[in-house]
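# Inside the fold
Residue-level listing of the chains:
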Amino acid sequence: RDRIIVGGGPAGTTAALYAQQQGLKTLLLDKEQFPRDKICGDALSGKTVAVLHELGLFEEVCDLPGAAISRITFGSPAAIKADIHLNRYDLRNRLTGRTLPMQGFAIRRKIFDHFLFEKARTVADRTLENFAVQDLLRDKEQIHGVRGQSKDGTEFEFYAPLILGCDGFNSIVSRKSGLYSHESHHWMVALRQYFEGITGLSDQIELHFINEVLPGYFWIFPLENGYANVGIGMVHKFLKKRRVDLRQALADVVASPAFRDRFADARPLEEPVGWNLPAGSKRRTAHADGVMLLGDAASLIDPFTGEGIGNALYSARTAVETAVAAGEAGDYSARFLKCYGNRLWDALGDELKISTRMQQLARRKSLLNLVIDRAAGDPEMEELFSGMIANALPKRRFVNPLFYLKLLFR
């Protein structure tokens, strides 16, 4: 086979779909059996929508159980709310070169990932579920395969000149290739809890920057049938420094005066469940001899919003482009695959740097209160926010000190 893809989440399945378009043979491996749950905020951004359009899957995704999103509500530490309408501008997607209507969705990952996995199953040379990769195979320094175990304990070895590590924040491919590192100030920790019966759900996702978890936020995302994804998250460094118990913080926020009426008749559908989010606030090496890392394994989570699916899909597209070039050159060395990281950073680097700066600014309650207060009462400011989200206006304005000086004197 040309490529082994380890991990059947959005990065891995999208890589399989792009690989099929390029005539590459793939083996797709995952340690779980689909459909399976994946702890996440469940939001699909404009970036995700752009890739779905390019793969010809958008119309089918529209029919999946979930919620269409046309607004974002930002809540400040002072409990001021600003609604940003997403459909004021078309989305200008730099990766695909397309301009599309600005759309978003909230779809449970158990549904969305299963949909993508079934699509990938139809095009991959072979898919294997319940298979846990345990090690990488080497010929001298060159990685050229994987060793693992099926659910019944049977061991297998598979060989290919290129391994795509799409196996999440705790990636075995990353660990075994020597690329893994854990730095608490570049990681976020979050909790998710599904509810039903929350009042006030509509076509908006809500991000509330509350005192309990700054720098971080509390979210409410609508889903199908009156369900909602509710969660809370913050930067790991500050969580440890302040000794925040996220479970208690989530319970306190739900019971707080700002939200208790909306949760008065709500019923939790699960206990809170947590996960780690490796943020793209630092450029990490995402390649080695015979290996490329994608999605969360490459630490591509947006440092400000916590969104990762769109960046995972971007990495899949870029990795397959690089895989084609490596095959044509007959070169799978780290030296050649370095172009993957360069291409990926060309596509995402500026945005990740700006999001990192925005995360740093969000640690200042006074700035958050100022910006959200102005956006709530000024149509021109709302227009500006909408344009930045759609990439129609430069996000760099958010990190320019003159922007905040102008806000003070509006």
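None of the values given here were measured: they were computed from a predicted structure.

## Some remarks on the overall build of the protein
- The secondary structure content of the protein amounts to 12 helices and 22 strands.
- The C-alpha radius of gyration of the protein comes to 21 Å, within 12% of the 22 Å expected for a compact globule of 410 residues.
- Its C-alpha atoms give the protein principal-axis dimensions of roughly 60 × 45 × 45 Å.
- Relative to its full complement of 410 residues, the protein shows a buried share of 57%.
- A separation of at least 24 residues holds for 71% of the contacts in the protein among residues at least 6 apart in sequence.
- As displayed, the protein has an accessible area near 17,400 Å², and 47% of this comes from carbon and sulfur atoms.

## Observations concerning unusual backbone geometry
- Here the bond from Phe34 into Pro35 is cis, since omega is 0°, no more than 30 degrees from zero.
- Phi is positive for Lys140, close to 60°, though the residue is something other than glycine.
- Structurally, the position occupied by Lys140 is in the loop between strand E11 (131-139) and strand E12 (142-150).
- A positive phi is found at Asn225, a non-glycine position, where the angle reads about 55°.
- Assignment of secondary structure puts Asn225 in the loop between strand E17 (216-222) and strand E18 (227-235).
- With a relative accessible area of 69%, Asn225 lands in the exposed category.

## Digging into the sheet that holds strand E10 (residues 126-128)
- The six strands lie next to each other as E10-E2-E1-E14-E22-E21, forming an open sheet whose pairing is mixed. Every interior strand has two partners, whereas the edge strands, E10 and strand E21 (287-288), have only one.

## Here we look at the sheet that holds E11
- Read across the open sheet, the three strands follow the order E11-E12-E13; overall the sheet is antiparallel. Both edges of this open sheet fall to E11 and strand E13 (155-159), since each of them pairs with a single strand only. Strand-to-strand twist across the sheet, computed as the mean angle between neighbouring axes with direction ignored, equals 25°.
- Here E11 pairs with E12 via eight bridges, running antiparallel. Its bridge partner lying in E12, Phe131 is registered against Ser150.

## As for the packing of helix H1 (residues 10-21) against helix H8 (residues 309-329)
- At their nearest, the axes of H1 and H8 sit 8 Å apart, and the two run at 35° to each other. In terms of crossing hand, the pair formed by H1 and H8 is right-handed. Contacts between H1 and H8 pair Pro10, Ala11, Thr14, Ala15, Tyr18 and Ala19 from the former with Ile309, Ala312, Leu313, Ala316, Arg317 and Val320 from the latter.
- Taken together, the residues of the contact of H1 with H8 sort by class into 10 nonpolar, one polar and one charged.

## Looking at the packing of aromatic side chains
- If you walk through the whole model with that rule in mind, you get 14 aromatic pairs.
- If you follow Lys47 out to its NZ or CZ, it ends over the ring of Tyr314, 5.4 Å from the centre.
- The ring centre of Tyr180 lies 3.8 Å from the NZ or CZ of Arg175, which sits over that ring.

## Observations concerning the pairing of strand E5 (residues 71-75)
- The element E5 is largely enclosed, with a buried count of five among its five residues.
- Two strands pair when backbone bridges link them, and E5 and strand E6 (residues 81-85) are joined in this way by five bridges, in the antiparallel orientation. By the bridge assignment, Phe74 is partnered in E6 with Ala82.
- Linking two consecutive strands that pair antiparallel, namely E5 and E6, is a turn of five residues; a positive phi of about 65° is found at Ala79 within it.
- Relative to strand E16 (residues 204-208), E5 runs parallel, the two being bridged by five bridges. Counted as the bridge partner of Gly75 is His208 from E16.

Calculation rules
- Residues numbered from 1 in each chain as written.
- Predicted model: local features only at pLDDT ≥ 70, side-chain atom pairs only at ≥ 80, totals over all residues.
- Heavy atoms only, no water.
- Helix = DSSP H or I, 4+ residues; strand = E, 2+ residues; numbered from the N terminus.
- Rg over C-alpha atoms; globule rule 2.2 N^0.38 Å.
- Buried < 20%, exposed > 50% of the residue type's maximum accessible area, 1.4 Å probe, protein only.
- Contact = heavy atoms within 4.5 Å.
- Areas by Shrake-Rupley, 256 points an atom, 1.4 Å probe, with all protein chains shown as cover.
- Pairing = 2+ DSSP bridges.
- Axes fitted to C-alpha atoms, helices over the stretch in contact; angles between N-to-C directions.
- Left-handed = near helix turned anticlockwise from the far one by under 90°.
- Nonpolar A, V, L, I, M, F, W, Y, C, P; charged D, E, K, R; others polar.
- Phe/Tyr/Trp six-rings, centres within 6.5 Å; stacked < 30°, edge-to-face > 60°.
- Lys NZ or Arg CZ within 6 Å of the ring centre and 35° of its normal.

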